[in-house]
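Report on the structure
Chain by chain, the residues run as shown.
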Amino acid sequence: MSGQWYKQQWLAVVTIFILLTIVWYLAALILNGNQLIKNKERRQQSWTYSQILSEAYAIKRPSLPAPHQVLAEIYKSVFQTRITSKRSLLYHAQITLNSTLLGFVLGSLLGITIAIGIVHNRTLEASLMPWVIASQTIPILAIAPIVVVVLGAINLTGLIPKALISMYLSFFPVTIGMVKGLRAADKMHMELMMTYNASARQVFWKLRWFAAQPYLFASLKVAIASSLVGAIVGELPTGAQGGLGSRLLSGSYYGQTVQIWSALLMSALLGSLLVWLVGFTEKRVLARRGEK
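Residues numbered from 1 in each chain as written. Predicted model: local features only at pLDDT ≥ 70, side-chain atom pairs only at ≥ 80, totals over all residues. Heavy atoms only, no water.

Quick look at the overall build of the protein now. Counting secondary structure elements, the protein contains 11 helices and 0 strands. Counting from the amino terminus, the protein carries its helices and strands in the arrangement α-α-α-α-α-α-α-α-α-α-α. Taken against the 2.2 N^0.38 rule, which gives 19 Å for 292 residues, the C-alpha radius of gyration of the protein at 24 Å runs more than 25% over that of a compact globule. Each of the three principal axes of the protein carries a C-alpha extent, and together these read 90 × 60 × 35 Å. Pairs at least 24 residues apart make up 74% of the contacts formed inside the protein by residues separated by at least 6 positions. A total accessible area of about 17,800 Å² is found for the protein, and carbon and sulfur atoms account for 67% of it. Within the protein, one finds 26 positive and 9 negative side-chain charges whose respective centroids are separated by 7 Å. (Helix = DSSP H or I, 4+ residues; strand = E, 2+ residues; numbered from the N terminus. Rg over C-alpha atoms; globule rule 2.2 N^0.38 Å. Contact = heavy atoms within 4.5 Å. Areas by Shrake-Rupley, 256 points an atom, 1.4 Å probe, with all protein chains shown as cover. Lys, Arg positive; Asp, Glu negative; His and termini not counted. Charge placed at Lys NZ, Arg CZ, Asp CG, Glu CD.)

Structure (structure tokens):
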């Protein structure tokens, strides 16, 4: 039964992938075709639909690059370029990954700490929880330049500002997930611990922490993706110093749409890998507890 379910799952994934690829090619044909027609009419050149069809997927700076153009750019910048070169996507991905992981760790620790305080102190819940929620209503695009400029004024540049922006985005889902998880402990088990005269620390480590783990990993998957977004956004105000964000920015400056889309696809692949790693860790940890 499980084997049939996996086959159906993979079939659905492949079908959606094929449909998205077809839609992408059609959109590229329409947008790039219109771009070619306008250019030829502006130059007063004659054109035919067969000519537009043959040239739509070969424009150097297309409005929408075709999938094979993006894949060719990724192959060139990953396998045919030295990793130490600023033209290498791996070079920029490594810079973004460093900021992402540091921000993720800091944000997770901050979120867990806040959640523990909220669960064990009602006054802290009433005073702090509204500010935690309100912090996420401020657009990250408005905060990122401020953080970079303020920390740059005190000579904190490079990794730290971007990690703090990542932390800002990643701590919130961890806080909410952990608060829910720490309060998800079975009431009968809580009463049993109380009959044993267990301390708050014993209740936390022997009951609440294990009840919160499934909620924690679910929130960590959201947090790692948010942390990657924060790292990329944090790289935008730094110009062309490095990272996938600066790669996107330089591509937009010079109209290199293929470069932009290759950086976007690399970001998506990196985010998928990070979420998969968190999910893999979740399975290993929960399996040790005897859960399937």
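Let us look at the pattern of salt bridges. A complete count under the given rule lists 5 salt bridges for this structure. Ionic pairing is found between glutamate 73 and arginine 247, a salt bridge with its closest N-O pair at 3.7 Å. Of this pair, glutamate 73 sits in helix α3 (residues 67–79) while arginine 247 sits in helix α10 (residues 244–253), and the two are 174 residues apart along the sequence. Here the two residues glutamate 73 and arginine 247 agree in accessibility, since each one is buried. A salt bridge links lysine 221 to glutamate 282; the nearest nitrogen and oxygen atoms lie 3.0 Å apart. Note that lysine 221 is positioned in helix α9 (residues 200–235) and glutamate 282 in helix α11 (residues 257–288), a separation of 61 residues in sequence. Overall, glutamate 282 belongs to the buried group, its relative accessible area being 14%. (Salt bridge = Lys/Arg side-chain N within 4 Å of Asp/Glu carboxyl O. Buried < 20%, exposed > 50% of the residue type's maximum accessible area, 1.4 Å probe, protein only.)

So, about unusual backbone geometry. The residue glutamine 44 is not glycine, and still its phi comes out positive at about 60 degrees. For glutamine 44, the position within the fold is in the loop between α1 (2–42) and α2 (49–55). The backbone of asparagine 197 shows a phi angle near 60 degrees, a positive value even though the residue is not glycine.

Turning our eyes to something else, we now look at the packing of aromatic side chains. Tallied over the full model, the rule gives 8 aromatic pairs. Relative to tyrosine 57, the ring of tyrosine 25 has its centre 5.5 Å away and its plane inclined at 85 degrees; by these criteria the two rings are edge-to-face. Taken together, the positions of tyrosine 25 in helix α1 and tyrosine 57 in the loop between α2 and α3 put the pair 32 residues apart, joining distant regions of the chain. For the ring pair phenylalanine 204 and tryptophan 205, a centre distance of 5.0 Å and an interplane angle of 85 degrees mean the geometry is edge-to-face. With a relative accessible area of 9%, phenylalanine 204 lands in the buried category. Grouping aromatic residues by their ring pairs yields a cluster made of Phe204, Trp205 and Trp209. (Phe/Tyr/Trp six-rings, centres within 6.5 Å; stacked < 30°, edge-to-face > 60°.)

With 36 residues, α9 ought to run about 52 Å at 1.5 Å a step, yet its terminal C-alpha atoms sit only 43 Å apart, falling short of that. The largest bend in α9 is about 45 degrees, located at arginine 208. (Expected span 1.5 Å × (residues − 1). Bend = angle between axes of the 7 residues up to and from the residue.)

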